[in-house]
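Chain residues, written in single-letter form:
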Amino acid sequence: MNCVAFMVVTTSFLFWTDAVNRYYNKDKDKALQYLTEPPVYAEIKARRGENTTLPCVLRTVSSNYKVKWSKVDPLHTASENILISNGHDVKHYGTWQSKASLRRMHALDISLRLTKLELQDYGLYRCELINGMEDEHVTITLSIEGVVFPYQSSHGRYKFTYFDAKKACEEQDATLATYKQLYREWTDGLEWCNAGWLHDGTVHYPILNPRPACGKDLPPGIRSYGPRHKTKEHYDAFCFTSTTEGSVFYIPGPLNFLQAAHACNEKGASLALVGQLYSSWKFLGLEQCDGGWLQDGSVRFPIITPKKRCGGLPQPGVHSFGFPKKTITLYGAYCYR
Ligand SMILES: *[C@@H]1O[C@H](CO)[C@@H](O)[C@H](O)[C@H]1NC(C)=O
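Residues numbered from 1 in each chain as written. Predicted model: local features only at pLDDT ≥ 70, side-chain atom pairs only at ≥ 80, totals over all residues.

Undergrad: Would you mind going over the overall build of the protein in detail, with residue names and values included?
TA: Along the protein, the regular secondary structure elements total 5 helices and 21 strands. Looking at the protein residue by residue over its 337 residues, the buried ones come to 32%. Contacts in the protein between residues at least 24 apart in sequence constitute 62% of all its contacts with a sequence separation of at least 6. (Helix = DSSP H or I, 4+ residues; strand = E, 2+ residues; numbered from the N terminus. Buried ≥ 20, exposed ≤ 12 C-beta atoms within 10 Å, placed from the backbone. Contact = placed C-beta atoms within 7 Å.)

Here's what the structure looks like:
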């Protein structure tokens, strides 16, 4: 790996952790007087489509308080207001009206309820008590449980600018993954020998078994190329998706691409997106030892328990045959309904 690039990454990473620590320490230095410290629920996990509650509890009943909920961007310490309430009236900001409300289960409850979670709702939320003298706040992390998958263009390796990568993920029912999401998938066994864009404009690749062609003699881990030029440089993408309302099922072949699309339509379904196939594999245990067409023209199959007769692949995962010619009729169809 390029040594200078590595130095830059290390430095910016240290700066980032330092910034985050300082951010939290500011909370930790001072004992809270008006809000209850969240010792257990500092991180809330939920899946796409679910409703969730971010807990925040007053210490004493007060008739004269104001609470503000906001979403914080940990990198820039900028924040976006969600709502402000004085205990009676609630003022919502922007599109949060349809999604966020104060739960108010009891007199001390100022928890935030979020409905119909979307992939981009993950992040740091701040519950802030404004009482005129000393404002104080607690922060809670919301993580969306999901799955990260590498995505390559049908034209081959390293064809996406940052913006192409973002669009490609969206077209597969996903978003560009964050570093944290990629890291979690790596701990679950994701290895990918090509570098891909992440949401923050950095480029990484996850390695479990370093070898000459892949990760060289450094220890296993997430290799980093650091921030890259978003329009001039080209890589693959790491996409993130979560649960879906429907599910993916398999129709046996032999079918070519058009026949596969037609077979799905006849069942009131459509050819699955890559994100939908990964979601059914991860959350519904979909396993099928046969390649099938997907809507992007790729052919893949999902494996939970690797077997000899099933390609002899060593890892569970969604395996890919790439993008075969669409007139080839050797495959089945993965449909989503
Ligand atoms: C989420 O909340 C909305 C509105 O309160 C409700 O209609 C919906 O059924 C809830 N969904 C789940 C999965 O609980």
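Once you've had a look at it, read on.
Undergrad: How would you explain the sheet that holds strand β5 (residues 90-92) if you had to name every residue and give the values?
TA: Through backbone hydrogen bonds, the strands of a sheet pair up, either in parallel or in antiparallel fashion. In spatial order, the strands read β1-β9-β8-β3-β4-β5; together these 6 strands make up an open sheet with mixed pairing. The open sheet has two free edges, formed respectively by β1 (43-46) and β5, since each of these has just one partner strand. Taken over all neighbouring pairs, the strand axes of this sheet differ in orientation by 25° on average, direction set aside. Bridge count between strand β3 (residues 66-73) and strand β4 (residues 78-85): 7 bridges; the pairing is antiparallel. Looking at β4, one finds that K71 is bridged to E80. (Pairing = 2+ DSSP bridges. Axes fitted to C-alpha atoms, helices over the stretch in contact; angles between N-to-C directions.)

Undergrad: Break down the nonpolar core for me, citing the residues and quoting the values.
TA: One finds W197, A237, C239 and W293 to be the most contacted residues of the largest nonpolar core, which totals 68 residues. Here the element with the most residues in this core is strand β21 (residues 331-336); it accounts for 5 residues. Leaving out residues up to four positions away in the same chain, W293 has contacts with L255, F257, A260, L271, V299, Y331, A333 and Y334. (Core = buried A, V, L, I, M, F, W, Y, C linked by C-beta atoms within 7 Å.)

Undergrad: A description of helix α3 (residues 179-187) should follow, citing residues and the corresponding values.
TA: For α3, every residue scored as buried is listed here: Q181, L182, E185 and W186. Burial along α3 is one-sided: seen end-on, the buried residues are contained in an arc of 140°. The inward-facing, buried residues of α3 abut β10 (147-151), β13 (202-207), β14 (221-227) and β15 (236-241). Of the residues one or two after α3, G189 is the one with positive phi, at around 115°. (Arc of directions from axis to C-beta.)

Undergrad: Let's hear about the sheet that holds strand β2 (residues 52-54): which residues, and what values?
TA: Taken in spatial order, the 3 strands of this open sheet run β2-β7-β6, and their pairing is antiparallel. Strands with a single pairing partner mark the edges of an open sheet, and in this sheet they are β2 and β6 (100-102). Between one strand and the next, the sheet's axes are offset by a mean angle of 30°, whatever the strand orientation. Here β2 runs beside strand β7 (residues 112-114); their pairing, made up of 3 bridges, is antiparallel. Counted as the bridge partner of T52 is L114 from β7.

Undergrad: If you had to explain unusual backbone geometry to someone new, which residues and values would you point to?
TA: P254 follows G253 through a cis peptide bond whose omega is 5°. Structurally, the position occupied by P254 is in strand β16 (residues 248-255). Look at R104: it is not a glycine, yet its phi comes out positive at around 50°. Tracing the backbone shows R104 in the loop between β6 and β7. On the neighbour-count criterion, R104 (14 C-beta atoms within 10 Å) is partly exposed.

Undergrad: Can you break down helix α5 (residues 274-284) residue by residue, with the values?
TA: Because an α-helix completes one turn every 3.6 residues, residues spaced three or four positions apart along the sequence face the same direction. Of all 11 residues that make up α5, 9 are buried, and the element is covered over most of its length. All of the buried residues in α5 are V274, G275, Q276, L277, Y278, S279, S280, W281 and K282. Downstream of α5 by a residue or two, G285 has a phi angle that is positive, lying close to 70°.

Undergrad: Break down the confidence of the model for the protein for me, with residues and values.
TA: Residue-level pLDDT values for the protein average 88, and 89% of them are 70 or greater. Note on residues 1-28: pLDDT is under 50 here. Beyond four places in sequence and across chains, it has 12 contacts. (pLDDT = per-residue confidence, 0-100.)

Undergrad: Which residues make up the environment of Y336, and what are the values?
TA: For Y336, the position within the fold is in strand β21. Y336 gets classed as buried once you count the C-beta atoms within 10 Å, which come to 23. When sequence neighbours within four positions are dropped, the list of residues in contact with Y336 reads G246, V248, A269, S270, A272, L273 and Q276.

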